[in-house]
Amino acid sequence: MAKDTKKTGRPWKEVRRTFSPEVEADIAAKVAATRASMPLAGLRQAKQYTQETLAEAMGLEQQSAVSRLEHQADMYVSTLRRYIEAMGGQLEIVARFPEGDVRIDQFEAA
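Quick look at the structure, then. (Residues numbered from 1 in each chain as written. Predicted model: local features only at pLDDT ≥ 70, side-chain atom pairs only at ≥ 80, totals over all residues. Heavy atoms only, no water.)

## Let's talk about the nonpolar core
Argument step 1. One finds Leu40, Leu54, Ala55, Met58, Val66, Leu69, Tyr83, Ile84, Ala86 and Met87 forming the largest nonpolar core, which totals 10 residues.
Argument step 2. Breaking this core down by element, the ones donating at least two residues are helix H4 (51-58), helix H5 (63-71) and helix H6 (77-86).
Argument step 3. Once you skip the residues sitting within four places of it in the chain, Val66 turns out to touch Arg44, Gln51, Leu54, Ala55, Leu60 and Tyr83. (Core = buried A, V, L, I, M, F, W, Y, C linked by side-chain atoms within 4.5 Å. Buried < 20%, exposed > 50% of the residue type's maximum accessible area, 1.4 Å probe, protein only. Helix = DSSP H or I, 4+ residues; strand = E, 2+ residues; numbered from the N terminus. Contact = heavy atoms within 4.5 Å.)

In structure tokens:
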């Protein structure tokens, strides 16, 4: 029996046009919040790295080492820096206070 490959739904762009400005604003806020905060594994996936490719970029022998890093609740700043830099990023540590933000430079690579 042959499968019916005909599309049955509407294109996403068409559906999206039916959203109210309030719904669009809510979607935009949720997307911004998701981008502003995510676990390391989510960041790696968003940057389209596998644990294997990231392990290679970090000079680690095994993918399991990346998995362990992603599940740690506490790690050295230098380890986190290597993780971020392996994906082409730059780690900055910022302390947030009511009167303003302060970038902490004590942990920057020499």
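Continuing now.
## Looking at unusual backbone geometry
Argument step 1. The backbone of Gln48 sits at a positive phi, close to 65°, despite the residue not being glycine.
Argument step 2. Topologically, Gln48 is positioned in the loop between helix H3 (40-46) and H4.
Argument step 3. Given the relative accessible area of 73%, Gln48 is considered exposed.

## Considering the pattern of salt bridges
Argument step 1. Taken as a whole, this structure holds four salt bridges when the rule is applied.
Argument step 2. For the salt bridge of Glu70 with Arg44, the shortest nitrogen-to-oxygen distance reads 2.4 Å. One end of the pair, Glu70, is in helix H5; the other, Arg44, is in helix H3, with 26 residues separating them in the sequence.
Argument step 3. Overall, the relative accessible area of 7% leaves Arg44 in the buried class.
Argument step 4. For Asp101, the salt bridge goes to Arg96, with nearest N and O atoms at 2.3 Å. (Salt bridge = Lys/Arg side-chain N within 4 Å of Asp/Glu carboxyl O.)

## Here we look at the side chain of Thr79
Argument step 1. Take Thr79: it is sitting in helix H6.
Argument step 2. Using a relative accessible area of 17% as the deciding quantity, one classes Thr79 as buried.

## Observations regarding H6
Argument step 1. Within H6, burial applies to Thr79, Arg81, Tyr83, Ile84 and Ala86.
Argument step 2. Where H6 is buried, its residues contact H3, H4 and H5.
Argument step 3. Gly88 occupies a position one or two residues after H6 and carries a positive phi of about 90°.

## Re the pairing of strand E1 (residues 93-97)
Argument step 1. When E1 meets strand E2 (residues 100-104), the two strands line up antiparallel, connected through five bridges. Across the sheet, residue Phe97 finds its bridge partner in E2, namely Gly100.
Argument step 2. Counting the residues that bridge the hairpin from E1 to E2 gives two residues. (Pairing = 2+ DSSP bridges.)

## Topic: the packing of H4 against H5
Argument step 1. In contact at an axis separation of 8 Å, H4 and H5 are set at 95° when each is read in the N-to-C sense. Here H4 lies roughly perpendicular to H5, going by the angle between them. Residue-level inspection shows Gln51, Glu52, Leu54, Ala55 and Met58 of H4 in contact with H5, the latter providing Gln63, Val66, Ser67, Leu69 and Glu70. (Axes fitted to C-alpha atoms, helices over the stretch in contact; angles between N-to-C directions. Parallel < 35°, antiparallel > 145°, perpendicular 65-115°, else oblique.)

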